Amino acid sequence: MPGSQSAASDHEVEERREREFYVNGVFFGATDVEGKIDEGNIQEAESSLRGRLSLNFEEARALLGRLEYQRGNLEGALRVFDGIDLHAAVERLQSSLIEKPSKKGRPGTDPVSSVSQRAAGLVLEAVYLKAKSLQKLGRFIEAASECKNVLDAVESIFEHGIPESQVDTKLQEIVSQAVEFLPEIWKHAGSSHEAITAYRRALLSQWRLDNGCCARIQKKFAVFLLYSGVEASPPSLSVQSERAYIPRNNSEEAILLLMILHRKCCLGEIMWDPSIMEHLTFALSLCSQTTVLAMQLEEILPGVLNRADRWNTLALCYSSAGEDKDALSLLRKSLHKNERPDEVMALLLAAKICSKDPFDAAEGMRYAERAVTIAQGRDAHLKGVGLHMAGLCLRKQAQISSSDFERSHLQLEAFKLLERCIVFERNNPDLLFELGALNAEQRNLNAALRYAKQFIDTTGGSMLVGWRLLALVLSAQQRFSEAQVVIDAALDETVSWDQGPLLKMKAKLKFIQSLPMDAIEAYRYLLALVQAQKRSCRPLKCARQPEDDIVNEFEVWQSLATMYSSLSLGKDAEICLEKAKALKQYSADVMQIKGVMHEGRGLVKEALTAYIDALSLEPDSISCKIRLGALLSKMSSRALLPLARSLLSDALRIEPTNHKAWYCLGIIHRNDGRVADATECFQAAAMLEDSDPIESFSYIL
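Let me sum up the structure you'll find in this document.

Conventions used here
- Residues numbered from 1 in each chain as written.
- Predicted model: local features only at pLDDT ≥ 70, side-chain atom pairs only at ≥ 80, totals over all residues.
- Heavy atoms only, no water.
- Helix = DSSP H or I, 4+ residues; strand = E, 2+ residues; numbered from the N terminus.
- Buried < 20%, exposed > 50% of the residue type's maximum accessible area, 1.4 Å probe, protein only.
- Contact = heavy atoms within 4.5 Å.
- Areas by Shrake-Rupley, 256 points an atom, 1.4 Å probe, with all protein chains shown as cover.
- Salt bridge = Lys/Arg side-chain N within 4 Å of Asp/Glu carboxyl O.
- Phe/Tyr/Trp six-rings, centres within 6.5 Å; stacked < 30°, edge-to-face > 60°.
- Lys NZ or Arg CZ within 6 Å of the ring centre and 35° of its normal.
- Expected span 1.5 Å × (residues − 1).
- Patch = residues over 30% accessible without salt bridge, like charges linked within 9 Å, V, L, I, M, F, W, Y side chains within 5 Å.
- Axes fitted to C-alpha atoms, helices over the stretch in contact; angles between N-to-C directions.
- Parallel < 35°, antiparallel > 145°, perpendicular 65-115°, else oblique.
- Left-handed = near helix turned anticlockwise from the far one by under 90°.

**Let's talk about the overall build of the protein chain**
Consideration 1: A count of helices and strands for the protein chain gives 34 helices and 2 strands.
Consideration 2: Considering the protein chain as a whole, with its 701 residues, one finds that 48% of them fall into the buried category.
Consideration 3: Here the analysis covers contacts within the protein chain between residues at least 6 apart in sequence; of these, 58% occur between residues at least 24 apart.
Consideration 4: On the protein chain, roughly 35,800 Å² of surface is accessible, and the fraction owed to carbon and sulfur atoms is 53%.

**Some words on the side chain of Thr290**
Consideration 1: Topologically, Thr290 is positioned in helix H14 (residues 290–299).
Consideration 2: For Thr290, a relative accessible area of 9% gives the class buried.
Consideration 3: Apart from the residues within four sequence positions on either side, Thr290 is in contact with Leu284, Cys317, Ser320 and Ala321.

**Quick word on the environment of Leu449**
Consideration 1: Mapped onto the secondary structure, Leu449 falls in helix H22 (residues 445–459).
Consideration 2: In the structure, Leu449 is positioned 28 residues away from Gln477 in sequence and 9.7 Å away in space, judged by C-alpha atoms.
Consideration 3: Non-local contacts of Leu449, meaning those with residues more than four positions away in its chain, are made with Leu470, Val473, Leu474, Gln477 and Arg479.

**Overview of the pattern of salt bridges**
Consideration 1: Using the criterion set out here, one finds 39 salt bridges in the structure.
Consideration 2: Note that Lys130 and Asp82 form a salt bridge whose closest N and O atoms lie 2.9 Å from each other. Here Lys130, found in helix H7 (residues 111–136), pairs with Asp82, found in the loop between helix H5 (74–81) and helix H6 (86–96); they are 48 residues apart in sequence, far enough to count as distant.
Consideration 3: Connected through salt bridges with shared partners, the residues Lys148, Asp152, Glu155 and Arg201 form a single ionic network.

**Describing the packing of aromatic side chains**
Consideration 1: This structure, assessed with the given rule, holds 6 aromatic pairs.
Consideration 2: If you follow Arg450 out to its NZ or CZ, it ends over the ring of Tyr451, 5.0 Å from the centre.
Consideration 3: Across from the ring centre of Tyr525, 5.1 Å away, lies the NZ or CZ of Arg524, which sits over that ring.

**What to know about helix H18 (residues 361–374)**
Consideration 1: With 14 residues, H18 extends 20 Å from end C-alpha to end C-alpha; this agrees with the ideal 20 Å at 1.5 Å per step.
Consideration 2: Taken together, the buried positions of H18 are Ala361, Glu363, Gly364, Met365, Tyr367, Ala368, Ala371 and Val372.
Consideration 3: Buried positions along H18 lie against helix H16 (324–334), helix H17 (344–354), helix H19 (383–398) and helix H20 (404–424).

**Notes on a nonpolar patch on the surface**
Consideration 1: Taken together, the side chains of Tyr227, Phe282 and Leu286 present a nonpolar region at the surface, about 300 Å² in accessible area.
Consideration 2: One can find Leu286 in helix H13 (residues 274–286).

**Let's talk about unusual backbone geometry**
Consideration 1: The phi dihedral of Arg208 is positive, around 55°, even though this residue is not glycine.
Consideration 2: Looking at the secondary structure, you find Arg208 in the loop between helix H10 (192–204) and helix H11 (211–227).
Consideration 3: Positive phi, normally seen in glycine, also occurs at Arg443, with a value near 65°.
Consideration 4: Summarising the element assignment, Arg443 is placed in the loop between helix H21 (429–441) and H22.

**Thoughts on the packing of helix H15 (residues 307–320) against H17**
Consideration 1: At a minimum axis separation of 11 Å, H15 and H17 run at an interaxial angle of 30°. Classified by the angle between their axes, H15 and H17 sit roughly parallel to one another. For the element pair H15 and H17, the recorded crossing hand is left-handed. In this structure, H15 uses Asn312, Ala315, Leu316 and Ser319 to contact H17, whose residues at the interface are Ala346, Leu349 and Ile353.

**A look at the environment of Trp662**
Consideration 1: As for its placement among the helices and strands, Trp662 is situated in helix H33 (residues 659–671).
Consideration 2: Look at Trp662 and you get partly exposed, because its relative accessible area is 24%.
Consideration 3: Each C-alpha atom of the pair Trp662 and Ala678 lies 9.1 Å from the other, and the pair is 16 residues apart in sequence.
Consideration 4: What Trp662 contacts, discounting residues up to four positions off in sequence, is Leu652, Pro656, Cys681, Ala684, Ala685 and Leu688.

Now the structure itself:
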């Protein structure tokens, strides 16, 4: 019991201190004043305070109002505060709060000034408490107005800002509280634009706020800008210093504030606040500025964040920015046996990055298998993601397999894994697209068509790549009119800026349908789009949208040259080829088109030279290998047939579904006397030609 008695006595002492006034060097108990107030004698209570503490009318009223507020009598406090004439008090204080030189000529402050500052603090506190009382009574607009009066009064008293020294602590405390309170009360009142103005006033005016108060205001303002849904107008130029950065929208202003707060945390000016980094991560990710986010993470001092968490987050940032090698290096450190080898999210991210590179695919397969094994309990829903990544890694491994048997086996296993994955992620659009594209590559066109339609239904037709896949599958089924309908529908639903891939497909579709003039018209639109993109800044795109929706001018001229060459329009082809060459002087595509033109004119030697030059520039060019192999097979020397066969076999290793390579290989077998092999090649070529799309399915993967 002694402990409880001590606590009770301490509480009584504290309560007694709160109910004592200390003004002008005099302590004064509140008991007598409370008695007069309870009897309704406010005038007598006021006179008592003025007489004993040498106060004027406003100061006495301020003390009485504070007493009523502390007692919880908000209505009574408002009645007392209403008698204070703030304007008159400000005028009196303004003349007395002027720094004067001391008698010895050294800079100083007149004692009257410090007394006046305390008086100013009493009056301003009264108005601030009036605002707090109105807020607690739900009268938010009036509360905001009174709080604004406090700040206006301070600016009137200190015309050049609050001085850096010799300011009464109580006065500074009231100013800081009012500055922080005003935007919050405007938000409660539903006046978002007034709240934004109050936030900017708090941060741009000279209130001499301490680091903690300033940081709280900056954080609240940033959160309000990010999540309020109110679009703020840019800050006024009149309050900006020369060469100052002016944010153009909510996101930029919020990011600027959060980066300032983050820097303060790193410098130790304020306590570490993890929520600042969380808000900054959201804001920068929203703007696809993950590289900037990575820089902010790197500034954090060691020991603040767990290093494995830092590595994983940095890896995610770098991966999003396309720096996969750096991301994978960080994940390898994070997944080391001495760190967190069983972190499911890190394993899945590592597997996804590895699935993009055939030479890392085997490593990615190990990560994916481990993630599937570990995904238990609350992580069980990630098992499907692990199977998905494993399937992608196997598909990528198949691209560099050394034998047809190994490639077929890996592709079959990839299909099995993705089919298992569909059980876990039935409505995953990425998985539906992968299955559609893989089936299309293997010429399982009915299955590919089904998955393409499911992908469009799942995404609501918002993803351009889905329309492209559907049109390619229809063109592979030789349903050109339906493919044209799909492309036209997609063009109607797509903004002009993103129509490049669709216009390329439309041009190729028109050419296949023997409508060269319509194809030329589509290419003309493409070139116009190129010029528009050159003159304009590209708007922010969705992170899921593929990067190839930007029109490549070189590819347009190269496609036009190829089309004119096939139409035997040599001069037009030459003009387009020169345009392409001006954009990219050393290009395998340009050299290949030159070779085709030389071959059409019967210039075999020149064509051979052009094809060899093209292969030296791009050794894995499938079309160059096929062209060179076909040309060598036509030459009279039988000694060149093995070289031609090797080139065509290599092309089929890279793209087994290329019907031109099968046809040329069949001709070589026939000329070499291997009739059975030639027959198989011709059959494969005929079957694949009947299901050949207007452009390779690999373009959209």
